[in-house]
Amino acid sequence: MFVARSIAADHRDLIHDVSFDFHGRRMATCSSDQSVKVWDKSENGDWHCTASWKTHSGSVWRVTWAHPEFGQVLASCSFDRTAAVWEEIVGESNDKLRGQSHWVKRTTLVDSRTSVTDVKFAPKHIGLMLATCSADGVVRIYEAPDVMNLSQWSLQHEISCKLSCSCISWNPSSSRAHSPMIAVGSDDNSPNILAKVQIYEYSENTRKYAKAEALMTVTDPVHDIAFAPNLGRSFHILAVATKDVRIFTLKPLRKELTSSGGLTKFEIHIAAQFDNHNSQVWRVSWNITGTVLASSGDDGCVRLWKANYMDNWKCTGILKGNGSPVNGSSQQGIFNASLGSANTSLQNSLNGSSAGRYFFPPLDSPRAGSRWSSHAQLLPPPPLIEHSCDADTANLLYPHPRRRCVSRPLNLLPENEGV
Amino acid sequence: MSGSKPDILWAPHHVDRFVVCDSELSLYHIESAVSSELKAGSLRLSEETTATLLSINSDTPYMKCVAWYPKYDPECLLAVGQANGRVVLTSLGQDHNSKSKDLIGKEFVPKHARQCNTLAWNPLDSNWLAAGLDKHRADFSVLIWDISSKYALETAVATEKVRLSAGDPEAGLVVTKPLYELGQNDACLSLCWLPRDQKLLLAGMHRNLAIFDLRNTSQKIFVNTKAVQGVTVDPYFHDRVASFYEGQVAIWDLRKFEKPVLTLTEQPKPLTKVAWCPTRTGLLATLTRDSNIIRLYDMQHTPTPIGDETEPTIIERSVQPCENYIASFAWHPTSQNRMVVVTPNRTMSDFTVFERISLAWSPVTSLMWACGRHLYECTEEGKASYLEKDIATKMRLRALSRYGLDTEQVWRNHLLAGNEDPQLKSLWYTLHFMKQYTEDMDQKLTGNKGPLVYAGIKSIVKSSLGTTENLRQSRSGSDRQADIIQYLSEERSLALQLCGWIKKGTDLDVEPFLSSLEQEGDWERAAAVALFNLDIRRAMQILNKGASSGKGDLNLNVVAMALSGYTDEKSSLWREMCSTLRLQLNNAYLCAMFAFLTSESGSYDGVLYENNVAVRDRVAFACKFLSDAQLNRFIEKLTNEMKEAGNLEGILLTGLTKDGVDLMESYVDRTGDVQTASYCMLQGSPSDVLKDERVQYWIENYRNLLDAWRFWHKRAEFDIHRSKLDPSSKPLAQEDPSLMKKWILAKTRS
């Protein structure tokens, strides 16, 4: 069972992105208030903001960490048409005393003519590389040839996607059998039937990225896209946030079967497609093993998806955006793993041919989008969340100091391994 | 609000009150009520809130529009615009201080009667109330009244007044002289005061938007447009204004008023309301007729100064607050992103629009998300059963319990893994038996089967071709009639050892195995194994024992009884009954027992393809009773099945060969369990499988996981373990030298 607690974020405007470092001990957030904040996890599991600084002259859309081998390095991108690389400086004694760390800008990438909508570091085995995408439909891949010098980045590739880009995701696979690959999503909403997800692969022969695939079935605006951690699988899993949650598997066909161009051909299957968010899906994120997907949507809920041993994906948890459980369900717990629940009901199978049947736990009322649709059968909410958490009334008038609402002491997993 | 459609207004200062107006005004009090019980007379608005009706005012008929007095006091003063153009001040009778007493009942009457379309209180000079009227010849359509002005006692009006409001005790309170008259020869559909100057009034006129400056009423700024309804100023950017026409919303920048800066996509149905969210920048809500959806336009950044041609990023969203059509909605003045909607039949619901949530998983299975300006961390709590846990959690816990590192009692690794997964149990027992046998061979230094052991039963069986002896025996154990052919060879007995039926050495005694099964209470399996070893008496004895044991199943006695009736006679009634009724047995082993007893010699499909019988038992059975050709075919088929399914029980057949890697590949594809894959492949004696790219890739991925979890000691242990079994493995991945340099630099700097 999952339990949520709120953390005083102290951003002055909407938070657009949250990102963990490789170990999950540090976190970065970015916001419309043009700042980035860095958070460190203390021994008792609390998060402390250790740095907060203005990064851009517009809303900051995304923030992302480089692998720690390259140092403590962040990249951010913004509406101000730039992306920037930041490095933490050690040994600033004044800041240290206050428990604050110091971050300096190492470079500003100014090639885009429009808002830079996403930024992602490449998997570390490719080197210190950074991809950005922008509203004018260009994906740019930069490389720092000298990992010691983060102020020098050269623009290695410019991929024109023809459609306004909203999100990118590197394929994390480090297998030698898989070439570097990047998926691009577009939020173009003009009424056309162009594929809104394109996959580009690096070809050793031409030393260029070329389009390997386009997911023709995705024609609605795409808001987020994420390759699952590969974890030794022989295929890739790609989650797409569009008007619904979709999970694709891409199985590389054996090289000898692929055409002469040197690009990998894939056998693409849609493994799952869920419209439980009832509307647009905004974000998707995989856990470390690529076995649980979290999604957020316009219904204001966070949902968890997991495949059973038969490769049937289903919803295993749901929580409202303010951390409170979704009521009106027969389940007391939220995010309650309900594998093999006895009273599963069969809902519409959206893509029967390849994806099989979908089983939903009963907590997925078919009217999940309208939150108050069922007053009659309301159950008392489980006593998990203090109600002050969402009592944000008059927040604007009376900004209160940092406040955290912990509903219950947390059982932390033992992680006192090593240093 | 025309007709019966209700509208809704929040009190500007008393944030727990709102008014619903249709033919009358109803004041509600909203309060949080968490418990599922409703107080008498209150209405449920959401899971957390209820509303109580405080008062109803039906004094003012023909209401066309209502506006709430913007100051804190008097509290419940409202201006009502009527169908005849009059504006009446009324109250919902909460407090009657002197100020409100003077005002309540006051009427403001235009020269010519026509519909009053809109009202707007000046936010600063709250005595000023602007009213927008329909056109009447060349008359003015925008009238600004001063509510504090004394009534004008022009006789003509006074008499008319008496006629119109006969019976009104306060008949003197009629004002007919407006402070300002604007918009001559025109109609006014919507109005709002501009916050940048209290003397500026924006009006949606018949065919244009006009800004009147009260300091100089002879002039106005205007722009021709059809979008003249519902003018409203963005509370966060005072130069940004929205207005609408049919299904289209126009966004204007007052600094460049010539044309809309933006036109939002046309809706199929006409719009009825457009409102900026007062608690959040750049969020505009719109509602169309006959719809249960509120559409939101999220304009995600500050409007840029003039000259910058970039379009704002707009995200379109829609929310569905209730099932019914929505008549109207109103944003809560202070509560973030909250609104109350009302349906035509006056049911209401309290609703909060969530911000776009961004989220991220941490490597240690907690989920962080940001909703609006808030962060939420979600962690897994409580004891989920091992089976329900995600593989990420399982691998973490197993890494902590030193799973995979027991190289002496290899079988114990399945206990370290949580002792819940039968496939893992089978895998580690297989690897244990393989190891035992290899050690045995090493000690004796005889035979050449050593390397063969890790190649699995499939290879062992292949190598046994032609060395098999036959042995005829009766099923009942008596030597009355030899109708069963058993096959024996050195390889087959090796296979039986790997299956766990017999111990090392060549005597084919299954007794130790049977007793261990009895100890575990696995009666059916023990009985089946006894029977397959042609000891029907022992099988019956086991069943009896099972029936009489603590929580034994008495039915086992019945099974024993049925067994005792066994006859070799091919056409006996017993045989007939058993072969039909056995399919109804729930236990696969019992089912297999009767399948065996009723089968023709040499065709044992009922046993071999009983999928619920453990692979190792089926294989052992096949090794005893199938001829070389049959056995090969069966093993081949079963191996492919196991490979396809990624079933770890199949490692018994494939061993740690390329076949085994194939099998493990589909296991990893299915589960993501690189931990088991890595440790399993590292079990064999130095072998080719470790050179397989896939195996190296699993190992790399597992080490990466340990790194991400900061299990440095575990990773070191794993590397030591690996270098022992795979001397070819490179001395541990030293990081890039340049990075080492960097690290050293960083250290010295600090």
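Residues numbered from 1 in each chain as written. Chains lettered and ligands numbered in written order. Predicted model: local features only at pLDDT ≥ 70, side-chain atom pairs only at ≥ 80, totals over all residues. Heavy atoms only, no water.

**Examining the overall build of chain B**
Okay, so step 1: Regarding its fold elements, chain B presents 23 helices and 34 strands.
Okay, so step 2: Taken over 750 residues, chain B has a buried fraction of 57%.
Okay, so step 3: Expressed as a percentage of contacts within chain B between residues at least 6 apart in sequence, the contacts between residues at least 24 apart total 51%.
Okay, so step 4: For chain B, the exposed area adds up to about 31,800 Å²; of that, 51% sits on carbon and sulfur atoms. (Helix = DSSP H or I, 4+ residues; strand = E, 2+ residues; numbered from the N terminus. Buried < 20%, exposed > 50% of the residue type's maximum accessible area, 1.4 Å probe, protein only. Contact = heavy atoms within 4.5 Å. Areas by Shrake-Rupley, 256 points an atom, 1.4 Å probe, with all protein chains shown as cover.)

**Notes on the overall build of chain A**
Okay, so step 1: Each helix and strand in chain A was counted, giving two helices and 27 strands.
Okay, so step 2: Counting the 419 residues in chain A, one finds 61% classified as buried.
Okay, so step 3: Partitioning the intrachain contacts of chain A with sequence separation of at least 6 by distance along the chain shows that 47% fall at a separation of at least 24.
Okay, so step 4: Accessible surface, chain A: about 16,500 Å² in total, of which carbon and sulfur atoms supply 51%.

**A few points about the sheet that holds strand 10 (residues 116-121) of chain A**
All names here are of chain A.
Okay, so step 1: Taken in spatial order, the four strands line up as 10-11-12-13 in an open sheet, and their pairing is antiparallel. A single partner strand is all that each edge strand has here, and the edge strands are strand 10 and strand 13 (154-160). On average, adjacent strands in this sheet sit at an angle of 20 degrees to one another, irrespective of strand direction.
Okay, so step 2: Of the pairings in the sheet, the one linking strand 12 (residues 138-143) to strand 13 comprises six bridges and is antiparallel in character. Residue pairing in the sheet places Glu-143 in a bridge with Ser-154 of strand 13. (Pairing = 2+ DSSP bridges. Axes fitted to C-alpha atoms, helices over the stretch in contact; angles between N-to-C directions.)

**Notes on the UniProt feature "repeat: WD" (unreviewed entry) in chain A**
Residues and elements named next belong to chain A.
Okay, so step 1: Following the UniProt record, the feature "repeat: WD" (unreviewed entry) maps to residues 8-40 and 274-306 here.
Okay, so step 2: Each end of residues 8-40 is marked by a C-alpha atom, and these two atoms are 14 Å apart; helix forms 0% of the span and strand 55%.
Okay, so step 3: Strand forms 58% of residues 274-306 and helix 0%; the C-alpha atoms that close the span are 12 Å apart. (UniProt positions renumbered as here; feature names shortened; annotations may be inferred.)

**Some remarks on the environment of Val341(B)**
All names here are of chain B.
Okay, so step 1: Secondary-structure assignment places Val-341 in strand 28 (residues 338-342).
Okay, so step 2: Counting along the chain gives 26 residues from Val-341 to Ile-315, while the straight-line C-alpha distance between them is 22 Å.
Okay, so step 3: When near neighbours in sequence (up to four residues on either side) are disregarded, Val-341 contacts Ile-294, Pro-321, Cys-322, Ile-326, Ser-328, Phe-329, Thr-347, Met-348 and Ser-349.

**So, the sheet that holds strand 27 (residues 328-331) of chain B**
All names here are of chain B.
Okay, so step 1: The strand order across the open sheet built from three strands is 27-28-29, with neighbouring strands paired in antiparallel fashion. With partners counted over all chains shown, the strands left at the sheet margins are strand 27 and strand 29 (348-352), one partner each. Pairs of neighbouring strands in the sheet enclose a mean axial angle of 20 degrees, with direction left out of account.

**Quick word on the packing of aromatic side chains**
Okay, so step 1: Under the defined criterion, the tally for this structure stands at 36 aromatic pairs over all chains.
Okay, so step 2: Consider the rings of Trp53(A) and Trp86(A), whose centres lie 5.5 Å apart with planes at 65 degrees: the pair is edge-to-face. One end of the pair, Trp53(A), is in strand 5 (residues 47-54); the other, Trp86(A), is in strand 8 (residues 83-89), with 33 residues separating them in the sequence.
Okay, so step 3: Overall, Trp86(A) belongs to the buried group, its relative accessible area being 5%.
Okay, so step 4: Between the aromatic rings of Phe18(B) and Tyr28(B), the centroid separation amounts to 5.5 Å while the plane-to-plane angle is 20 degrees, which identifies the pairing as stacked. Here Phe18(B) is found in strand 2 (residues 17-21), whereas its partner Tyr28(B) is found in strand 3 (residues 25-32), with ten residues between them in sequence.
Okay, so step 5: Classification of Tyr28(B) as buried rests on a relative accessible area of 8%.
Okay, so step 6: Pairwise contacts between aromatic rings join Trp501(B), Phe532(B), Phe596(B), Tyr604(B), Phe621(B) and Phe625(B) into one cluster. (Phe/Tyr/Trp six-rings, centres within 6.5 Å; stacked < 30°, edge-to-face > 60°.)

**A short note on the nonpolar core**
Residue and element names in this part refer to chain B.
Okay, so step 1: Among the nonpolar cores identified, the biggest contains 114 residues, and Ile-457, Phe-596, Val-619 and Met-664 are the most heavily contacted of them.
Okay, so step 2: At nine residues, helix 14 (residues 588-598) tops the list of elements feeding residues into this core.
Okay, so step 3: Residue contacts for Val-619: discarding those within four places in its chain leaves Ile-457, Cys-499, Ile-635, Leu-638, Leu-652 and Leu-653.
Okay, so step 4: Judged by nonpolar contacts, the second largest core, of 34 residues, contains Leu-27, Tyr-69, Val-87 and Ile-147. (Core = buried A, V, L, I, M, F, W, Y, C linked by side-chain atoms within 4.5 Å.)

**What to know about a nonpolar patch on the surface**
Residue and element names in this part refer to chain B.
Okay, so step 1: Together, Leu-573, Met-577 and Leu-581 give the surface a local cluster of nonpolar side chains, amounting to about 290 Å² of exposed area.
Okay, so step 2: On the secondary structure map, Met-577 appears in helix 13 (residues 573-581).
Okay, so step 3: For Met-577, a relative accessible area of 38% puts it in the partly exposed group. (Patch = residues over 30% accessible without salt bridge, like charges linked within 9 Å, V, L, I, M, F, W, Y side chains within 5 Å. Salt bridge = Lys/Arg side-chain N within 4 Å of Asp/Glu carboxyl O.)

**Concerning the packing of helix 17 (residues 628-645) of chain B against helix 19 (residues 658-671) of chain B**
Residue and element names in this part refer to chain B.
Okay, so step 1: Packing of helix 17 against helix 19 leaves a shortest axis separation of 7 Å and a crossing angle of 35 degrees. Contacts between helix 17 and helix 19 involve Met-642, Lys-643, Glu-644 and Ala-645 from the former and Asp-659, Asp-662, Leu-663, Ser-666 and Arg-670 from the latter.
Okay, so step 2: Of the residues belonging to the contact of helix 17 with helix 19, the class tally is three nonpolar, one polar and five charged. (Nonpolar A, V, L, I, M, F, W, Y, C, P; charged D, E, K, R; others polar.)

**Quick word on unusual backbone geometry**
Okay, so step 1: Residue Asp10(A) is not a glycine yet carries a positive backbone phi of 65 degrees.
Okay, so step 2: When you line up the elements, Asp10(A) lands in the loop between strand 1 (2-7) and strand 2 (15-20).
Okay, so step 3: Although it is not a glycine, Arg346(B) adopts a positive phi angle of roughly 70 degrees.
Okay, so step 4: When you line up the elements, Arg346(B) lands in the loop between strand 28 and strand 29.
Okay, so step 5: Its relative accessible area of 22% is what places Arg346(B) among the partly exposed residues.

**Concerning the pairing of strand 4 (residues 35-41) of chain A**
All names here are of chain A.
Okay, so step 1: When you tally the buried positions in strand 4, you get seven out of seven residues, the bulk of the element.
Okay, so step 2: Alignment of strand 3 (residues 26-31) against strand 4, held across five bridges, turns out to be antiparallel. Each bridged residue has a counterpart across the sheet, and for Cys-30 the counterpart in strand 4 is Val-36.
Okay, so step 3: Counting the residues that bridge the hairpin from strand 3 to strand 4 gives three residues, and of these Gln-34 lies at a positive phi of roughly 70 degrees.

**Points about the environment of Arg346(B)**
All names here are of chain B.
Okay, so step 1: Sequence-wise, Arg-346 and Pro-6 are 340 residues apart; in three dimensions their C-alpha atoms are separated by 6.8 Å.
Okay, so step 2: Ignoring sequence-local partners within four residues, the contact set of Arg-346 consists of Pro-6, Val-20, Asp-22, Glu-24, Ser-26 and Tyr-28.
Okay, so step 3: A polar contact of 3.2 Å, which involves the side chain of Arg-346, links it to the side chain of Asp-22. (Polar contact = N/O pair within 3.5 Å; in protein donor to acceptor, adjacent residues only side chain to side chain.)

**Notes on helix 9 (residues 511-519) of chain B**
All names here are of chain B.
Okay, so step 1: Three or more residues of helix 9 are buried, namely Phe-513, Leu-514, Leu-517 and Glu-518. An end-on view of helix 9 places all buried positions within 140 degrees of arc, on one side of the element.
Okay, so step 2: Looking at the buried side of helix 9, the elements it contacts are helix 10 (523-532) and helix 11 (536-548).
Okay, so step 3: Where helix 9 ends, the next residue or the one after it, Gly-521, has phi of about 75 degrees, a positive value. (Arc of directions from axis to C-beta.)

**So, the pairing of strand 18 (residues 220-224) of chain B**
Within a regular strand, side chains alternate between the sheet's two faces.
Residues and elements named next belong to chain B.
Okay, so step 1: Here strand 17 (residues 208-213) pairs with strand 18 via five bridges, running antiparallel. Bridging from a neighbouring strand, Ile-211 pairs with Ile-221 of strand 18.
Okay, so step 2: Between strand 17 and strand 18, which follow one another and run antiparallel, lie six residues.

**Notes on the pattern of salt bridges**
All names here are of chain B.
Okay, so step 1: Going through the model one piece at a time under the given rule, you end up with 52 salt bridges over all chains.
Okay, so step 2: Between Lys-111 and Glu-181 there is a salt bridge, with the nearest N and O atoms lying 3.4 Å from each other. Pair noted here: Lys-111 is in the loop between strand 9 (107-108) and strand 10 (116-121) and Glu-181 is in strand 14 (residues 180-184), with a separation of 70 residues, a long-range link.
Okay, so step 3: The exposure class assigned to Glu-181 is partly exposed, which follows from its relative accessible area of 29%.
Okay, so step 4: With a closest N to O distance of 3.3 Å, Glu-518 and Lys-545 form a salt bridge. Linking Glu-518 in helix 9 with Lys-545 in helix 11, this pair joins segments that are 27 residues apart in sequence.
Okay, so step 5: Take Lys-545: its relative accessible area is 38%, and that puts it in the partly exposed class.
Okay, so step 6: A single network of salt bridges, built from pairs that share partners, joins Lys-458, Lys-462, Glu-636, Lys-643, Lys-658, Asp-659, Asp-662, Glu-665, Asp-692 and Arg-694.

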